[in-house]
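Chain by chain, the residues run as shown.
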Amino acid sequence: MTTMMKRAGWRTEAALFDGYEAVMRACGLERSSDAGAAILGRVGPRIRPHHIARRNMELVFPEASTREIDGLLAAMWDNLGRVAGELPHLPRLDLSGQGEHVRIEGLDILRAIQREGRPILLFGGHFANWEVLVGTVATQIPGCCLVYRHVNNPHIDARLRARRAAMGGSTFAPKGDAGARIILKSMQEARPVAMMVDQKMNDGIEAPFFGMPAMCASGGARMALRYDAAMIPMSIARTQGPNFIVRIHEPLAPPVATDRNAAVTEAMTAMNRFIEERILATPAQWFWVHRRFAKDLYRKSAV
């Protein structure tokens, strides 16, 4: 049961969220991006996620020096601050691929597969400003099913969903059983599904990630194999300030395993490998601040 105190807290948070967005919109895109970078550049190293990010970097880059990790952490907070500063401006960005801030590469790959009439699973990770990637998918593929993790505050969650709808999104599938049914229906109707696959999901399956076991959200891969969907990687990279390149990559090769569970694990391993490649290409632009690996690997960095 939701208490009156919790509902009041939600309303207060939503009011603060609205105030922040209004201030940032008044500043303009470039100034908001710079301001977000400056703010999180100061605040980020003082909060707990900083230590989680450091531990993740130590695990992924075991030969890196403390100085190298410190530099990577500073660049990570710069990027995440820019994400926060840019979010209020996203509905106004031109995501056609012809605008000033977003360039799109590989659309021909996507269009060719769409012409075949096959179901499509687009997958990617939390890089650069991942909401720009989501918005680009929504703009370029009307009716695409967007899989998302809902925000605990229902008022803010509704605002974020409305923002994605303003960028072209029309079908939203929250992670969990309710979302799985929406994804299933989309696959049955051969409508593309887009999701992020780089975060931990305890009730998923285990697959290697940078040589370590990691729990992965396998529902998308499982349904893609069931309906013979093309599994298409997508990525985004920040070039400078609020400027991005969105790329659609060649589809993954189908798994060679004939056993269904083994095939799902093979597909998730291939997806993880794609995420690894993107991290190595732009390490400062990944979302390092979550516990991607087993809990015991973070104990020595507890604060």
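The structure we're discussing is the one just above.
Residues numbered from 1 in each chain as written. Predicted model: local features only at pLDDT ≥ 70, side-chain atom pairs only at ≥ 80, totals over all residues. Heavy atoms only, no water.

**Q** Even after reading the chapter, I still don't get the layout of surface pockets, so can you show me in this structure?
**A** Of the voids in this model, the largest pocket is the one considered here, and its volume is about 1,200 Å³. Together, 42 residues line the largest pocket, and His 126, Trp 130, Glu 131, Val 151 and Phe 287 are the ones closest to its centre. (1 Å grid on protein atoms, 1.4 Å probe; cavity = no way out; pocket = protein on both sides within 12 Å on 5 of 7 lines; lining within 4 Å. Points joined across faces, edges and corners; volume = space filled by probe spheres on them.)

**Q** For this particular structure, what's the right way to read the packing of aromatic side chains?
**A** To describe a pair of aromatic rings, one takes the distance between the centres and the angle between the planes. Using the criterion set out here, one finds 7 aromatic pairs in the structure. Measuring from ring centre to ring centre gives 5.9 Å for Phe 61 and Trp 288, while their planes differ by 50 degrees; the resulting arrangement is tilted. Of this pair, Phe 61 sits in the loop between helix 3 (49-60) and helix 4 (66-86) while Trp 288 sits in the segment after helix 10 (260-281), placing them 227 residues apart in sequence. Ring geometry for Phe 123 versus Phe 274: centroids 5.7 Å apart, planes at 80 degrees, classification edge-to-face. Of the two residues, Phe 123 sits in strand 2 (residues 120-124) while Phe 274 sits in helix 10, which places them 151 residues apart along the sequence. Judged by its relative accessible area of 6%, Phe 274 is buried. Every member of this aromatic cluster is reached through a ring pair, and the members are Phe 61, Phe 209, Phe 210, Trp 286, Trp 288 and Phe 293. (Phe/Tyr/Trp six-rings, centres within 6.5 Å; stacked < 30°, edge-to-face > 60°. Helix = DSSP H or I, 4+ residues; strand = E, 2+ residues; numbered from the N terminus. Buried < 20%, exposed > 50% of the residue type's maximum accessible area, 1.4 Å probe, protein only.)

**Q** In this structure, what is going on with the side chain of Gln 285? I would like to understand it.
**A** Structurally, Gln 285 is set in the segment after helix 10. Within the local environment of Gln 285, its side chain forms a polar contact with the backbone nitrogen of Arg 238, the two atoms lying 2.7 Å apart. (Polar contact = N/O pair within 3.5 Å; in protein donor to acceptor, adjacent residues only side chain to side chain.)

**Q** Would you take a moment to explain the environment of Ala 75 for this structure?
**A** Relative to the helices and strands, Ala 75 resides in helix 4. In this structure the C-alpha to C-alpha distance between Ala 75 and Tyr 20, which are 55 residues apart in sequence, comes to 23 Å.

**Q** It is not clear to me how the pairing of strand 1 (residues 102-105) should be interpreted in this structure. Could you clarify?
**A** Two faces, one strand: in a regular strand the side chains alternate between the faces of the sheet. Burial of strand 1 is one-sided: the residues Val 102 and Ile 104 facing one way are buried, the residues Arg 103 and Glu 105 facing the other way are not. Note that strand 1 and strand 9 (residues 244-248) share 4 bridges and pair parallel. Opposite Val 102, over in strand 9, you have Phe 244 as the bridge partner. (Pairing = 2+ DSSP bridges.)

**Q** Just checking my understanding: could you explain the pattern of salt bridges for this structure?
**A** Pairs can form between side chains of opposite charge whenever their charged atoms are close. Within the structure shown, the criterion is met by 14 salt bridges. When the shortest N-O distance is used, the salt bridge between Asp 34 and Arg 82 registers 2.8 Å. Of the two residues, Asp 34 is situated in helix 2 (residues 29-43) and Arg 82 in helix 4; the sequence distance between them amounts to 48 residues. When its relative accessible area of 42% is taken as the criterion, Asp 34 is described as partly exposed. Of the residues examined, Arg 82 reaches a relative accessible area of 13% and is grouped as buried. Residue Arg 238 pairs with Glu 86 through a salt bridge whose shortest N-O separation is 2.7 Å. Here Arg 238 is found in strand 8 (residues 230-238), whereas its partner Glu 86 is found in helix 4, with 152 residues between them in sequence. When its relative accessible area of 11% is taken as the criterion, Arg 238 is described as buried. Several salt bridges share partner residues, and in doing so they unite Glu 21, Arg 25 and Arg 163 into one network. (Salt bridge = Lys/Arg side-chain N within 4 Å of Asp/Glu carboxyl O.)

**Q** Just to check I follow, could you spell out unusual backbone geometry for this structure?
**A** In terms of backbone geometry, most residues other than glycine have negative phi values and most peptide bonds are trans. Backbone geometry places Phe 210, a non-glycine residue, at a positive phi of 55 degrees. Along the chain, the position of Phe 210 falls in the loop between strand 6 (205-209) and strand 7 (212-216). Within the chain, Asp 228 stands out as a residue other than glycine whose phi angle is a positive 55 degrees. We classify Asp 228 as exposed; its relative accessible area is 52%.

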